[in-house]
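One letter stands for each residue in the lines below.
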Amino acid sequence: QVQLVESGGGLVQAGGSLRLSCAASGRTSSSYAVGWFRQVPGKEREFVAAINWSGGVTYYGDSVKGRFTISRDNAKNTVYLQMNSLKPEDTAGYYCAARGLGVGSVRTYDYDYWGQGTQVTVSS
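None of the values given here were measured: they were computed from a predicted structure.

This part is about the overall build of the protein. Counting its regular elements, the protein contains zero helices and eleven strands. Reading the protein from its N terminus to its C terminus gives the helix and strand order β-β-β-β-β-β-β-β-β-β-β. Rg of the C-alpha trace for the protein: 13 Å, near the compact-globule value of 14 Å for 124 residues, within the 12% margin. Its C-alpha atoms give the protein principal-axis dimensions of roughly 40 × 25 × 25 Å. Looking at the protein as a whole, 43% of its 124 residues are labelled buried. Sequence-distant contacts in the protein: of pairs separated by 6 or more residues, those separated by 24 or more amount to 58%.

Next up on the list: the state of the cysteines. Taken as a whole and assessed by the stated rule, the structure comprises one disulfide. In this model Cys-22 forms its disulfide with Cys-96; the gap between the sulfur atoms is 2.1 Å. Where Cys-22 bonds to Cys-96 through sulfur, the torsion about that S-S bond is close to 70°, and the disulfide is right-handed. In this pair, Cys-22 is assigned in strand 3 (residues 18-26) and Cys-96 in strand 9 (residues 92-99), connecting sequence segments 74 residues apart. Side by side, Cys-22 and Cys-96 carry an identical accessibility label, which is buried.

A separate point is the sheet that holds strand 8 (residues 78-83). Pairing in this open sheet of four strands is antiparallel, and the strands run 1-3-8-7 from one edge to the other. The open sheet is flanked by strand 1 (2-7) and strand 7 (68-73), the only strands paired with a single partner. Taking the axes of each pair of neighbouring strands and ignoring which way they run, one obtains an average angle of 15° across the sheet. Across six bridges, strand 7 lies against strand 8 in antiparallel orientation. Residue pairing across strands places Ile-70 opposite Leu-81, the latter belonging to strand 8.

The next subject is the packing of aromatic side chains. The geometry of an aromatic ring pair is captured by two quantities: the separation of the ring centres and the angle between the planes. Counted by the stated rule, this structure contains five aromatic pairs. Ring centres of Tyr-32 and Tyr-113 lie 6.1 Å apart, and the angle between their planes is 75°; on these two criteria the pair is classed as edge-to-face. Note that Tyr-32 is positioned in the loop between strand 3 and strand 4 (33-39) and Tyr-113 in strand 10 (residues 113-114), a separation of 81 residues in sequence. For the pair shown, Tyr-32 and Tyr-113 are each scored as buried. Considering the side-chain rings of Phe-37 and Trp-114, the 5.2 Å spacing of their centres and the 50° angle between planes classify their relative orientation as tilted. Taken together, the residues Phe-37 in strand 4 and Trp-114 in strand 10 connect sequence positions 77 residues apart. We classify Trp-114 as partly exposed; its relative accessible area is 27%. Members of the aromatic cluster, joined through ring pairs, are Phe-37, Phe-47, Tyr-111 and Trp-114. When the ring centre of Tyr-95 is taken as reference, the NZ or CZ atom of Arg-45 above it lies at 3.9 Å. In this structure, Arg-45 is placed above the aromatic ring of Trp-114, and the distance from its NZ or CZ to the ring centre is 4.9 Å.

Walk down a regular strand and you will see the side chains alternate between the two sheet faces. The side-chain alternation of strand 11 (residues 118-123) yields one buried face, formed by Thr-118, Val-120 and Val-122, and one unburied face, formed by Gln-119, Thr-121 and Ser-123. Bridging between strand 2 (residues 10-13) and strand 11 involves four bridges; their strand directions are parallel. Residue pairing across strands places Val-12 opposite Val-122, the latter belonging to strand 11. By the bridge criterion, three bridges tie strand 9 to strand 11 in an arrangement that is antiparallel. Residue pairing across strands places Gly-93 opposite Gln-119, the latter belonging to strand 11.

The rules behind each value
- Residues numbered from 1 in each chain as written.
- Predicted model: local features only at pLDDT ≥ 70, side-chain atom pairs only at ≥ 80, totals over all residues.
- Heavy atoms only, no water.
- Helix = DSSP H or I, 4+ residues; strand = E, 2+ residues; numbered from the N terminus.
- Rg over C-alpha atoms; globule rule 2.2 N^0.38 Å.
- Buried < 20%, exposed > 50% of the residue type's maximum accessible area, 1.4 Å probe, protein only.
- Contact = heavy atoms within 4.5 Å.
- Disulfide = S-S within 2.5 Å.
- Pairing = 2+ DSSP bridges.
- Axes fitted to C-alpha atoms, helices over the stretch in contact; angles between N-to-C directions.
- Phe/Tyr/Trp six-rings, centres within 6.5 Å; stacked < 30°, edge-to-face > 60°.
- Lys NZ or Arg CZ within 6 Å of the ring centre and 35° of its normal.

By themselves these figures say nothing about function.
Shown next as structure tokens:
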């Protein structure tokens, strides 16, 4: 089992930045791929970004390309999501997820473990 805990969410003005963290514990392994997703009440969970086990391959959703950056520090079992130039439409609950195959995916059902989420609110 792997436990994931997100942190770093909060309230920020449009154009501002936040950095989310996803800390893994339990049966942790640097071979896990990690993805970030976000969800607004009443809507499906949306893919944001993913990173493979080594950090050498990353994927981004079209709506965040050029603004968000995913990275990882395997020594700390932590994955980060740096969010810049935030927009009100980025407001959502942000969730990190891990899968054991080491390769990132844009599909929620490919992930084995999920965190509880952290809220990001961007004011206009």
